[in-house]
Amino acid sequence: MAADETRILILYSGGTLGMVRNPSKGYVPYPGFLTETLRTQSRFHDPNADSIFSWSDTTDRYKAWSEAYSRPDSGTTTPQRSSNHEMELSTALTSVTGSSLSSHFQPFGKPTRVYSSSPDGIYTKSAVEHRISDDGKRLELMLPTMVTPYLGDGGKKRTRYTVLEYDPLLDSSNMETKDWLRLVADIDLNYQNFDAFIILHGTDTMSYTSSALSMLLENLGKPVVVTGAQVPLSELRNDAIENVLGALVVASTQPIAEVTLFFASTLYRGNRVSKLSNSALSAFDSPNMPPLARAGISIDVAWHLVRRPTRLAPFRAHDALSQDVVLLRLFPGLQSLTVRSFLESSPIRGVVLHSYGAGNAPTRKDLLDVLREAAERGVVIVNISQCIQGEVSAIYEVGKTLEKVGVVAGADMTPEAALTKLSYLLAKKELGPDQIRRLMGTSLRGELTERTQVRNYGHDRTGRRSSSSSSGTATTERRRGKRVLGLLARILGSSHDGGNVEEDENEEETLYKIKDEADLDSLAVEAERGILPYLIQRSIERNEPSTLSSLLARQGFLASSQPTATPHTKTATATASAATAASSSSSSSSSTELDPHSSALHLAATLGRLECVRLLLQSGYNVHLRAASHSNHSPLYLAAYNGHADVVRLLRSAGAHLLMDERQADGQQQQQQQQQQQRDIWVLASGPSRASEDAPVSVE
Ligand SMILES: NC(=O)C[C@H](N)C(=O)O
C-alpha cells in the first residue's frame with residue numbers, strides 16, 4: 001500500500017444507514033447494499049482517479065476531463081432511465097458483466113487482509129478469499145478495497161478503505177454487551193494494519209457503544225469514529241452520504257486518537273454524547289462538553305480539547321464488561337420497597353442513580369436506608385443528574401445526604417458513560433468497591449470534567465475561557481513567557497552548545513527589559529506562536545532535553561488555554577452564543593495548538609535523541625503519524641533505519657509499530673543492511689508489542 005494513502009477499516013454493524021424498505025416489515029438492514037452503494041458512487045470509490053471529483057480541482061483539469069469523458073460515446077455518470085423498468089434492469093445487469101456500463105460500476109480495488117473475531121458473524125459474499133484460522137477463533141479474509149478521490153493536503157492523499165460487514169446486521173436496539181466486545185476485538189485484531197477505524201452503527205444506541213468503546217480501548221493511538229444516519233442511503237435524500245463521507249475525511253485527515261462520534265457535521269467525544277432527537281438530522285449533542293470539531297466550510301478542530309496519550313504505554317483492548325449494572329431513575333412517589341426488591345432480586349453490583357437537579361434525592365429515611373444497605377453490601381451507586389446539562393455537585397443538603405449513605409458523585413457524565421464505565425470497572429477483578437467508587441469520580445478517558453481540570457485548563461464546560469481561573473496563574477505564566485523569550489534569544493544568539501538556560505532567570509530579565517506588561521503579554525504570545533515549533537526543532541537538533549521540556553510545557557499551556565475556536569454545544573444556547581462571540585475574533589488555526597502534524601518526533605527519532613523522544617511522547621505527540629518532511633515515514637521506521645536501538649525500544653514501549661508499507665520495506669532494507677546489528681534492529685522494530693494483561697486500570 002502506498003504511503004500517500006490513509007488506510008481505514010470500516011466495521012459495519014447495522015443501523016438505518018444501510019437499510020432498504022421492505023413492504024411488509026418496514027426498513028430492514030440489507031446485506032451487501034451499503035458496500036455496493038459506496039462502490040458505485042465515484043465520490044466514495046474512484047480507483048483510477050478518473051472521476052469528475054478527481055479532475056475538478058482546477059479549471060484546466062476539469063476541461064481535460066470533460067474533453068475526454070463527455071464525448072457523446074463516452075456514457076454518462078448514471079444509467080439512463082427507460083420507460084420499461086424491467087428491461088432497463090436486465091440491460092443494466094447484463095452490462096455489469098459486459099462493457100458498456102462498466103464505468104458506472106467501478107471494479108473493487110486491490111484486496112487487503114482483514115481479521116474478524118467472529119468466524120460465523122461475517123457477510124463473506126464480497127470477500128476474495130476467506131478461511132477460518134486453525135484454532136477456529138477468527139476468520140481471515142481478503143476483502144476488496146475502495147478508494148476515494150484525492151482529498152486534502154493539496155490533493156496528494158486519498159483514503160483506501162474496506163468494509164467488514166457483520167452478519168446479521170443489527171438495528172442498534174438489538175445491540176448487546178457482547179457486540180461492543182466484538183467491535184473492540186476486531187479493532188484489536190486489525191490495529192496494526194490500518195490508520196483509523198470507522199464504525200457504522202444505528203443511532204438508537206450509538207452513544208452507549210461509543211461510550212463503551214472509549215472505556216475498552218485504552219491508550220488508543222488512532223482515530224475510531226462512530227457514525228450512522230437518520231435516513232438510509234436507499235432514500236434519495238439522506239444524511240448517510242454526508243455522515244459516512246465526513247467520517248472518512250475526518251478519520252483520514254485529523255489525527256484525533258480518541259473514540260469519537262461524527263454526526264451532522266459535528267465530531268463529538270464518544271463518551272460525552274447522547275441521542276436527543278429521533279426526528280432531526282442533527283440527532284446528537286454533547287451537553288456538558290463542546291464538540292471536538294465542526295465540519296463547516298473547513299474542518300475546525302478544537303485541538304485544546306483533544307486528548308492525547310501521554311503515558312508510555314501501548315494500546316490495549318479490554319475484553320470484559322460486567323452486566324450486573326442498572327440505571328435507576330428517581331421520581332416523586334418512588335417506593336422504597338420497589339427499590340429494595342429491585343436491588344436485592346438480581347445480582348446487581350452497580351447502579352447509576354438518576355437523581356434530580358444538581359444531584360438531589362428525597363431525604364426519606366426508608367429510601368436512604370435501602371441505598372445505604374446496598375452500598376454496605378458493596379454495590380457501587382453513582383449519582384448523575386436527570387438534567388441533560390450540568391453536574392452533580394452536592395450543594396444542597398438533600399444532595400449531601402446521598403453522599404453520606406455511600407452514593408458517589410458522577411460529576412457531569414452522561415447516563416451512557418456512567419453505565420458503561422461502571423460496567424468496565426466492575427469487570428476488573430482486582431478492583432474493590434471503594435477503588436471503583438474513587439475511579440467513578442475520576443476521568444479515565446475524558447468522560448467527565450474534574451473540578452481541577454476546569455481550573456487548570458481555564459475553560460468552563462461550554463468552552464469559554466474562564467476568567468477566574470486564569471487570573472491566578474497569570475503571573476506565573478508571564479514569567480514563563482519571559483523565560484521562553486530568553487531561551488529564544490539564547491538559542492538564536494549563541495553558538496555554544498548545551499547549558500541549562502532554563503535556570504538562568506536573571507540573565508533573561510536583563511535580555512528583556514519590559515516596560516509595558518500588557519504589551520508584553522500579547523507580544524510574547526504572538527512571538528511564541530511563531531517561534532515555538534522552530535525552537536522545539538532546534539532544541540532537538542542540539543540535544544537539549546531540559547530546554548525542550550520547558551518549551552513543551554509552554555506549548556502545552558498555550559494549547560490548553562486557547563481561548564476559543566471552540567465549537568459550542570446545541571443545548572447551551574445562551575452560553576454558547578457567548579462562546580461563539582468570544583471565539584469569532586481569534587483564528588481557529590493558531591499555531592499555539594500542539595501541532596498535530598508536527599514532525600518534531602520524527603526529527604528526534606531520526607537523530608536518535610532518546611530523552612527528547614521520551615519528552616515528546618509524554619507531551620502527547622502521536623507515535624503513529626507519518627511526516628511528509630520525513631518521506632512519509634513513522635518515527636519508529638526512522639529510528640530503525642538510522643540504527644537507534646534505544647529509541648526503537650522506547651517507541652515500541654509506547655505502542656509504535658511499523659506501518660503496512662514500512663513492513664514491506666523493512667525486508668528490503670534488511671537485505672541491504674548486511675551487518676548483524678542492523679538486522680537486529682529491524683527485528684526489534686517489527687516484533688509483537690502487547691500491553692501486559694494484568695496492567696492496572698489507568699487514568700490516562
Ligand atoms: N437511525 C437509526 O439508525 C435508528 C435505528 N433504529 C437503529 O438504531 O439501528
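This write-up is about the structure you can find in this document. (Residues numbered from 1 in each chain as written. Predicted model: local features only at pLDDT ≥ 70, side-chain atom pairs only at ≥ 80, totals over all residues. Heavy atoms only, no water.)

## Regarding the overall build of the protein
For the protein, the helix and strand inventory stands at 23 helices and 21 strands. Counting only residues that meet the buried cut, the protein has 52% of its 700 residues in that class. A fraction of 73% describes how many contacts in the protein between residues 6 or more apart in sequence connect residues 24 or more apart. Counting every atom, the protein has about 30900 Å² of accessible surface; 52% of that belongs to carbon and sulfur. (Helix = DSSP H or I, 4+ residues; strand = E, 2+ residues; numbered from the N terminus. Buried < 20%, exposed > 50% of the residue type's maximum accessible area, 1.4 Å probe, protein only. Contact = heavy atoms within 4.5 Å. Areas by Shrake-Rupley, 256 points an atom, 1.4 Å probe, with all protein chains shown as cover.)

## Side note on helix 21 (residues 645-653)
Residues of helix 21 that are buried include every one of V647, V648, L650, L651 and R652, and no others. Looking one or two residues beyond helix 21, the residue adopting positive phi is G655, at roughly 95°.

## Some thoughts on helix 11 (residues 433-440)
Regarding helix 11, the residues found buried are I436, R437, L439 and M440. For helix 11, the angular spread of buried residues about the axis comes to 165°, placing them on one side. Pointing more than 90 degrees away from the buried face of helix 11 are the exposed residues D434 and R438. Packed against the buried residues of helix 11 are helix 8 (365-376), strand 20 (380-385), strand 21 (408-409) and helix 10 (415-426). (Arc of directions from axis to C-beta.)

## Side note on the pattern of salt bridges
Using the criterion set out here, one finds 25 salt bridges in the structure. E344 is paired through a salt bridge with R340; the nearest N and O atoms lie 3.3 Å apart. One end of the pair is E344 and the other is R340, both in helix 7 (residues 336-345) and four residues apart, which spans about a single turn. Accessibility expressed as a relative area gives 46% for E344, which makes it partly exposed. The exposure class assigned to R340 is partly exposed, which follows from its relative accessible area of 26%. (Salt bridge = Lys/Arg side-chain N within 4 Å of Asp/Glu carboxyl O.)

## Examining the packing of helix 19 (residues 610-618) against helix 21
In contact at an axis separation of 9 Å, helix 19 and helix 21 are set at 15° when each is read in the N-to-C sense. Regarding the angle of helix 19 to helix 21, the classification is roughly parallel. Every pair of crossing elements has a handedness; the one defined by helix 19 and helix 21 is right-handed. Together, L610, V613, R614 and L617 of helix 19 and D646, V647, L650 and L651 of helix 21 make up the contact between the two elements. Here the residues of the contact of helix 19 with helix 21 sort into six nonpolar, no polar and two charged. (Axes fitted to C-alpha atoms, helices over the stretch in contact; angles between N-to-C directions. Parallel < 35°, antiparallel > 145°, perpendicular 65-115°, else oblique. Left-handed = near helix turned anticlockwise from the far one by under 90°. Nonpolar A, V, L, I, M, F, W, Y, C, P; charged D, E, K, R; others polar.)

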